[in-house]
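Listed here are the chains, written in short residue letters.
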2 protein chains.
Amino acid sequence: MDPRALETLRAVRTQGGVTAAADVLHLTPSAVSQQVAVLARDVGVALTERVGRGLRLTPAGEALADAALDVAVALERAQAACDGFLAAPRGTVRVSAFASAAQLFLPRLLSRVPHGVDVECADEDVAQADFVGLTDRIDIVVAHRPDGAGSWGDRVRVVPLLREPLDVAVPTGHRLAGQETVHPAELAGEAWISVREGFPISTVLAAVAAASGTEPRIVHRINDFHVASSLVAAGHGVSLLPRHSHGGGEGVRLLPLTGVRAGRRIDALLRPDRAERLVVRSVLDELCALAAEIDG
Amino acid sequence: MDPRALETLRAVRTQGGVTAAADVLHLTPSAVSQQVAVLARDVGVALTERVGRGLRLTPAGEALADAALDVAVALERAQAACDGFLAAPRGTVRVSAFASAAQLFLPRLLSRVPHGVDVECADEDVAQADFVGLTDRIDIVVAHRPDGAGSWGDRVRVVPLLREPLDVAVPTGHRLAGQETVHPAELAGEAWISVREGFPISTVLAAVAAASGTEPRIVHRINDFHVASSLVAAGHGVSLLPRHSHGGGEGVRLLPLTGVRAGRRIDALLRPDRAERLVVRSVLDELCALAAEIDG
DNA sequence: CCGACGATGTAGCGTGGCTGCATGGATCCC
DNA sequence: GGGATCCATGCAGCCACGCTACATCGTCGG
């Protein structure tokens with residue numbers, strides 16, 4: 001019952017395959033396959049079953065993968081118990097954030113981390129369903145989800161950072177630009193600039209449009225808010241942009257929505273075992289404090 | 001952070017030394033020493049310190065050993081999670097009991113265990129302080145302690161099996177043999193047959209004697225209740241014997257004590273990680289049921 | 001002061017796990 | 001429908017890690 005093999009099994013589950021698991025574990029697919037084979041032989045139950053050209057975990061495999069998480073947590077706790085006797089937390093922490101949050105958080109986070117702690121940043125913008133998978137490669141994943149969307153599941157630790165309202169961005173010359181707020185009904189017929197399918201904000205737009213009673217007319221799908229903002233400024237449509245992290249832009253006016261609650265939640269996602277590491281905790285604490293500052 | 005090394009560290013603590021730990025782990029002292037050395041190098045803190053010609057754990061070592069227990073528990077839970085998908089629990093369980101409990105429990109326990117489960121019995125009669133250490137070698141340790149004695153510590157799981165009154169054993173020709181019960185005051189001046197220093201019942205005798213107001217006159221120290229019973233029968237003294245497991249004897253009469261609560265508790269001691277094993281649980285359940293039968 | 005005990009280094013061997021490559025299915029797409 | 005592709009899995013070979021055996025050093029008892 002090798003913890004490394006258990007970790008490998010978990011990776012196979014979360015990454016959805018041997019090859020993908022091998023990727024995050026920095027191993028060859030062969031090694032991964034052998035590890036789960038040995039594991040299955042040890043416990044005497046099949047842990048995986050072929051499905052198509054891939055595989056999935058059997059119920060026993062699922063149960064073992066769940067238990068593997070507790071093993072990993074216990075091991076990290078053991079490590080932390082010793083690190084507590086050292087002077088200060090040291091080590092490197094990998095942090096990722098989707099583009100706009102990266103701009104909002106990462107520069108200020110980097111200037112806050114104490115000496116001896118290395119923070120490796122990355123901007124990872126993935127579809128909603130893929131944020132959790134990132135936690136295998138990255139210690140702290142800053143992710144976002146629309147208000148009221150389902151949670152991230154019970155296999156990751158979720159630390160809420162911020163709730164950010166989504167405003168309607170219109171060009172300064174727009175017929176609505178003079179208003180202080182805007183109601184969904186006033187937006188019927190507008191040309192919308194949304195994000196790619198599956199990305200967090202797209203469902204919010206659908207909800208806003210539903211409140212206006214009409215199907216939204218989406219003319220562009222742009223993930224980068226800077227680009228979207230520029231397109232809005234140039235009069236190519238209106239868009240939903242986050243109030244704090246829209247990336248700023250000339251020629252654009254943000255109008256808070258009334259009559260409908262539109263916003264996104266920004267959460268930090270961590271694997272429970274990684275969350276036990278003292279270095280990770282220290283960086284996470286800074287991130288939370290930073291979020292509190294921004295919110296306040 | 002190898003779980004095997006963590007287990008080794010725990011063994012060094014409970015067994016009180018490298019050599020003793022190597023013994024229960026079936027390793028050479030050199031291997032044990034190397035494992036803790038590597039572990040200490042990994043975490044960057046000294047885990048042990050020399051004291052005399054032996055060693056003891058540093059505070060960090062203690063903390064890590066505590067955490068190691070949780071790791072072991074998590075690993076066994078993982079194993080159990082898979083075993084739950086197998087038909088029935090299989091494997092071998094080592095059970096030990098002190099002599100009189102061995103006679104009381106083991107024969108009936110062996111005839112109760114389900115097929116596929118091997119129970120390896122041993123009669124281990126050790127001093128009170130050494131019962132806990134046995135759990136490193138043996139899955140279920142049946143131990144006893146006097147009423148009101150301190151607990152076994154928080155590093156072992158304790159399952160109470162039975163409370164057994166201790167009666168005064170007198171020869172059938174004794175002046176008190178005709179009575180139904182006996183009071184401590186009536187026992188002043190008697191010659192006592194006790195057990196070796198440090199063994200569970202000796203403190204109870206001290207308590208009984210204290211109730212009679214006199215120092216007990218101990219003329220023999222016999223651990224085996226059969227031998228003690230024979231000596232009583234032959235008129236060489238009186239003794240405190242457990243009501244159910246005294247081993248039977250001709251020419252001896254057991255008188256319940258009044259005015260003082262004299263008894264011993266019989267507990268099953270398990271390492272928390274071993275307690276997670278399904279086979280162990282099944283045997284333990286049988287043992288509890290057996291104890292309930294005897295008690296009732 | 002010598003003998004015994006207990007922990008710790010060192011050399012050498014064996015085993016276990018990983019890489020690289022080849023194989024066997026299953027799916028996609030033209 | 002058939003070739004190309006992707007994915008998991010066997011197999012040989014190599015490397016490294018951990019154990020044993022033996023030697024050494026320090027400490028306690030007689």
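Residues numbered from 1 in each chain as written. Chains lettered and ligands numbered in written order. Predicted model: local features only at pLDDT ≥ 70, side-chain atom pairs only at ≥ 80, totals over all residues. Heavy atoms only, no water.

The name given to chain A in an unreviewed UniProt entry is LysR family transcriptional regulator, and the organism recorded there is Cellulomonas rhizosphaerae. Recorded in UniProt for chain A, the comment headed Sequence similarities (unreviewed entry) runs: "Belongs to the LysR transcriptional regulatory family." (UniProt positions renumbered as here; feature names shortened; annotations may be inferred.)

This part covers the protein's contact with DNA strand D. The local shell around DNA strand D holds 19 residues, among which Val18(A), Thr19(A), Ser33(A), Thr28(B) and Gln35(B) are the closest. Here the atoms of DNA strand D within 4 Å of the protein split so that 73% fall in sugar or phosphate, with bases taking the remainder. At a separation of 3.0 Å, a base nitrogen of DNA strand D approaches a polar side-chain atom of Ser30(B). In this structure, Gln35(B) approaches DNA strand D through a side-chain N or O atom, which is 2.6 Å from a phosphate oxygen. Contributions of two or more residues to the surface near DNA strand D are made by helix H2 (18-25) and helix H3 (29-43) of chain A together with helix H3 (29-43) of chain B. Among the residues making up the surface near DNA strand D, the classes are represented as five nonpolar, 10 polar and four charged. (Near = heavy atom within 4 Å. Polar contact = N/O pair within 3.5 Å; in protein donor to acceptor, adjacent residues only side chain to side chain. Helix = DSSP H or I, 4+ residues; strand = E, 2+ residues; numbered from the N terminus. Nonpolar A, V, L, I, M, F, W, Y, C, P; charged D, E, K, R; others polar.)

Turning our attention to the pairing of strand S8 (residues 217-221) of chain A. All names here are of chain A. Note that strand S7 (residues 191-194) and S8 share four bridges and pair parallel. Within the sheet, the bridge partner assigned to Ala191 lies in S8 and is Arg217. Remark: the S7/helix H7 (residues 201-212)/S8 crossover connection has right-handed handedness. (Pairing = 2+ DSSP bridges. Right-handed = clockwise from strand over helix to strand, strands pointing away.)

For the rest of this paragraph, the subject is the protein's contact with DNA strand C. Taken together, 20 residues sit near DNA strand C, with Thr28(A), Gln35(A), Val18(B), Thr19(B) and Ser33(B) positioned nearest. Taking Gln34(A), its side chain carries an N or O atom lying 3.3 Å from a base oxygen of DNA strand C. Contacts to DNA strand C include Gln35(A), whose side-chain N or O atom sits 2.6 Å from a phosphate oxygen. Those elements that place two or more of their residues in the surface near DNA strand C are H3 of chain A together with helix H2 (18-25), H3 and strand S2 (54-57) of chain B. Counted by class, the surface near DNA strand C contains five nonpolar, 11 polar and four charged residues.

Before going further, it helps to examine the interface of chain A and chain B. The partner chain B presents 23 residues to the 23 residues of chain A that form the contact. Surface buried jointly by chain A and chain B totals about 1800 Å² across both partners, of which 84% is contributed by carbon and sulfur atoms. Among the residues chain A hides against chain B, the three largest losses belong to Met1(A), Cys82(A) and Phe85(A). Together they make up 26% of the total. Taken together, chain A and chain B are joined by zero residue pairs in polar contact (both at pLDDT 80 or more). Elements supplying a minimum of two residues to the side of chain A that touches chain B: helix H1 (3-15) and helix H4 (59-83) of chain A. The element that contributes the greatest number of residues to the side of chain A that touches chain B is H4(A), accounting for 14 residues. (Contact = heavy atoms within 4.5 Å. Buried area = accessible area lost by both parts, 1.4 Å probe.)

The terminal C-alpha atoms of helix H1 (residues 3-15) of chain B, which comprises 13 residues, lie 18 Å apart, in line with the 18 Å expected from a rise of 1.5 Å per residue. By the burial criterion, the buried members of H1(B) are Pro3(B), Ala5(B), Leu6(B), Thr8(B), Leu9(B), Arg10(B), Ala11(B), Val12(B) and Arg13(B). Turning to H1(B), the residues buried within the fold contact H1 and H4 of chain A together with H2, H3, S2 and helix H4 (59-83) of chain B. Of the residues flanking the start of H1(B), the one acting as N-cap is Asp2(B), its side-chain oxygen 3.1 Å from the backbone nitrogen of Arg4(B). In the segment just after H1(B), Gly16(B) is the residue with positive phi, at about 80 degrees. (Expected span 1.5 Å × (residues − 1). Buried < 20%, exposed > 50% of the residue type's maximum accessible area, 1.4 Å probe, protein only.)

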